[in-house]
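Analysis of the macromolecular model
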Amino acid sequence: MANEACPPAHLCYNSHKCSDSAIVEESSFDSNYRTITQIMSDRIVSPSVKQEELALDLSLRPKKLAEYIGQDKVKENLKILLEAAQARHEAVDHILLYGPPGLGKTTLANIIANEMNAAIKITSGPSIERPGDLAAIVTNLRAGDILFIDEVHRLNRAVEEILYPAMEDFALDLITGKGPSARSIRLKLPRFTVVGATTRFAMLSAPLRDRFGAVYRLDYYDLDAMQTIVARSAHILGAEIEAQAVMEIAQRSRGTPRVANRLLKRVRDYAQVRADGTITAEVAHQALALMEVDDLGLDEIDRKVLRTIIEKFGGGPVGLDTIAASISEEADTIMDVYEPYLLQLGFLDRTPRGRTATRHAYEHLGIQPPERNEQKRLL
Ligand code: ADE
């Protein structure tokens, strides 16, 4: 938000209103981002956090590395990184976390801050619109603070340019004045840590990527980890749940803790209203059937994407834009929201000529796959 008493916001380096808008809570980004998050939020299996479940999400999030389940390799590496920095009394190296949405990038950033006894500022690529926005944020950091930048691949070029020296030399290069009287001044910054998060690693510029000392990829959680997460969350919520019901929920949660927590909450409601409150396997099964989440966690839209490729385009290959037009959806939304899990399940293939539905996708939908020769001919 611009302050009338200030120069244009991109030139305003005062740490007040002109830049406050860049410090956001999760999921309040720009309008395009909002469209995608909105679409994601409407789905029961959405990996993004819904506004009304922020409190629940927060209460179930692990606060320390020792409570964090799964992602064992990332956890191990992170533990060493943090312990080494602590022993040297230094700020930890800049860290980049990437992978599909909902897997715990924000949770890990908060854990890093907790483990380092540091404050955390949360912002996002699209909400830092001008260099001045970033300048206001970094000049307010103290030594050791964590600056979490979600969707870091969406930083614009001008902002990236001032982030480079801020990350590398802990310095801010500012231009003051205009025309012939313009002067460049270098401001020293305290040593802080950027934790960047992205779902699109390939879209990060090489210079930005190179400034992260540690880069970790988060993967979908395996079934064991998902079961432990569901059981832990049920315990925190005080819900009585059978082991088989834990399994039912874990299996349909798309390897994503946030989805598991949401399903658990809905199943708990169902158990309370339609049964005696205990989440038995039968109760979980009925509740999940009512939500139309199938046994692999696919919902109606996932099935629509697959059916479109199979029924309208003979199984593919078909271009992303064509699929998008067929189901009246944005190509970016399909790529960010629907595809990652379908690829993970092995239901979709990305080929140079477009997307193809695999034999597994046909089988899951109960559709007869074409003969191998026929599929080869199509490819
Ligand atoms: N809740 C959400 N993500 C979690 C995780 N990775 N471990 C434990 N609880 C979680």
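Scroll up to find the structure this text is about.
Remember, it's a predicted structure, so these values are computed and weren't measured experimentally. (Residues numbered from 1 in each chain as written. Predicted model: local features only at pLDDT ≥ 70, side-chain atom pairs only at ≥ 80, totals over all residues. Heavy atoms only, no water.)

1. With respect to the packing of aromatic side chains
Condition: Pairing of aromatic rings covers Phe, Tyr and Trp, the last counted by its six-membered ring, and requires centre-to-centre distances within 6.5 Å; plane angles under 30 degrees mean stacked, over 60 mean edge-to-face, and any other angle means tilted. Numbered from the N terminus, helices here are DSSP runs of H or I no shorter than four residues, and strands are runs of E no shorter than two. For the exposure calls, accessible area comes from a 1.4 Å probe over protein chains only, and a residue counts as buried if that area is under 20% of its type's maximum, exposed if over 50%, partly exposed in between.
A full pass over the atoms with the stated rule returns 3 aromatic pairs. Judged by centre distance (4.3 Å) and plane angle (25°), the rings of Tyr98 and Phe201 are stacked. With Tyr98 in strand S1 (residues 95-98) and Phe201 in the loop between strand S6 (193-198) and helix H8 (206-210), this residue pair connects regions lying 103 residues apart in the sequence. For Phe201, a relative accessible area of 26% translates into the label partly exposed. Between the aromatic rings of Phe170 and Phe192, the centroid separation amounts to 5.7 Å while the plane-to-plane angle is 85°, which identifies the pairing as edge-to-face. A residue pair is termed long-range when its members are at least 10 positions apart, and Phe170 in the loop between helix H7 (157-168) and strand S4 (171-176) and Phe192 in the loop between strand S5 (183-188) and S6 qualify at 22 residues. Phe192 carries the same exposure label as Phe170, and that label is buried.

2. A few points about the pattern of salt bridges
The condition that has to hold: Each salt bridge in this description consists of a side-chain nitrogen of Lys or Arg and a carboxyl oxygen of Asp or Glu lying within 4 Å of one another.
The full count for this structure, using the stated rule, is 18 salt bridges. For Glu168, the salt bridge identified is with Arg211, shortest N-O distance 3.4 Å. Residue Glu168 is found in helix H7, and its partner Arg211 is found in the loop between H8 and strand S7 (214-217); the two are separated by 43 residues along the sequence. Judged by relative accessible area, which is 22%, Arg211 ranks as partly exposed. With a shortest N-O distance of 3.1 Å, Arg303 and Glu300 are connected by a salt bridge. One end of the pair, Arg303, and the other, Glu300, are both in helix H13 (residues 300-313), 3 residues apart, so they sit about a helical turn from each other. A residue is classified by how much of its surface remains accessible, and Glu300, at 41% relative accessible area, is partly exposed. The structure contains a network of salt bridges with shared partners spanning Asp169, Asp173 and Arg186.

3. Observations regarding the site of the ligand
Which entries qualify depends on this criterion: Residues are classed as near a molecule or strand on a simple rule: at least one heavy atom within 4 Å of it. Contacts described as polar in this section are N or O atom pairs within 3.5 Å, which, within protein, must combine one atom able to donate a hydrogen with one able to accept it, while residues neighboring in sequence count only if both atoms come from side chains. Every accessible area reported is derived by Shrake-Rupley at a probe size of 1.4 Å, with residue values counting cover from the shown protein chains alone. Polarity classes work like this: nonpolar for Ala, Val, Leu, Ile, Met, Phe, Trp, Tyr, Cys and Pro, charged for Asp, Glu, Lys and Arg, and polar for all others, with Gly in that last group.
For the ligand, the full set of nearby residues is Leu60, Pro62, Glu67, Tyr68, Ile69, Tyr221, Ile229, Arg232, Pro257 and Asn261. The separation between a nitrogen atom of the ligand and a polar main-chain atom of Ile69 is 2.9 Å. At 3.1 Å from a nitrogen atom of the ligand is found a side-chain nitrogen or oxygen belonging to Arg232. Protein burial of the ligand: of its 260 Å² of free accessible surface, 95% is covered by the chains. Residue assignment for the shell around the ligand shows that the elements contributing at least two residues are helix H9 (223-237) and helix H11 (257-274). A per-class count over the shell around the ligand returns 7 nonpolar, 1 polar and 2 charged.

4. Structural notes on helix H5 (residues 105-115)
For an α-helix, the turn length of 3.6 residues means that residues three or four places apart are oriented alike. This is how it is decided: Residue contacts follow a heavy-atom distance rule, with two residues in contact if any of their heavy atoms lie within 4.5 Å.
Most of H5 sits out of view: 8 of its 11 residues are buried. Among the residues of H5, Lys105, Thr106, Thr107, Leu108, Ala109, Ile111, Ile112 and Ala113 are the ones counted as buried. At its buried positions, H5 is contacted by helix H4 (72-87), S1, strand S2 (120-124), strand S3 (146-150) and S6. The first or second residue beyond H5 is Asn117, which carries a positive phi of 55°.

5. Comments concerning helix H15 (residues 331-344)
Here is the rule: The span one expects for a helix is its residue count, reduced by one, times 1.5 Å. Bend angle per residue: angle between axes fitted to the 7 residues ending at that residue and the 7 residues starting there.
Over its 14 residues, H15 extends 19 Å from the first C-alpha to the last, a length consistent with the 20 Å expected when each residue adds 1.5 Å. The sharpest bend along H15 reaches about 50° and sits at Tyr338, with the proline Pro340 one to four residues further on. Where burial is concerned, most of H15 is hidden: 10 out of the 14 residues are buried. For H15, the complete set of buried residues consists of Ala331, Thr333, Ile334, Asp336, Val337, Tyr338, Glu339, Pro340, Tyr341 and Leu342. Looking one or two places after H15, you find Gly346, whose phi comes out positive at around 80°.

6. Topic: the pairing of S5
Which entries qualify depends on this criterion: Two strands form a pair only when DSSP identifies at least two bridges running between them.
In terms of burial, S5 is largely open, as just 0 of its 6 residues are buried. Pairing analysis gives 6 bridges linking S4 to S5, with the strands arranged antiparallel. In the strand pairing of S5, Thr176 is matched with Arg183. In this antiparallel pair of consecutive strands, S4 and S5, the connection spans 6 residues, and Gly177 shows a positive phi of 75°.

7. Overview of the packing of helix H10 (residues 243-251) against helix H12 (residues 281-290)
Test applied: Helix axes are fitted to C-alpha atoms over the stretch in contact, other axes to C-alpha atoms as well, and angles between N-to-C directions run from 0 to 180 degrees. By definition in this entry, angles of less than 35 degrees are roughly parallel, angles greater than 145 are roughly antiparallel, angles of 65 to 115 are roughly perpendicular, and the rest are oblique.
Remark: H10 packs on H12, axes separated minimally by 7 Å, with the N-to-C direction vectors making an angle of 25°. With respect to H12, the element H10 is oriented roughly parallel. In this structure, H10 uses Gln244, Ala245, Glu248 and Ile249 to contact H12, whose residues at the interface are Ala281, Ala284, His285 and Leu288. Residue classes in the contact of H10 with H12 are distributed as 5 nonpolar, 2 polar and 1 charged.

8. Side note on unusual backbone geometry
Cis geometry marks the peptide bond from Gly316 to Pro317; its omega dihedral reads 5°. For Gln71, which is not a glycine, the phi torsion comes out positive at approximately 50°. With respect to the helices and strands, Gln71 occurs in the loop between helix H3 (54-60) and H4. Positive phi, normally seen in glycine, also occurs at Phe170, with a value near 50°.

9. Things to note about the side chain of Ser124
Inspection of the secondary structure assignment puts Ser124 in strand S2. Given a relative accessible area of 0%, Ser124 falls into the buried group. Side-chain polar atoms of Ser124 contact the side chain of Ser127, separated by 3.0 Å.

The values are spatial; any link to function lies outside them.
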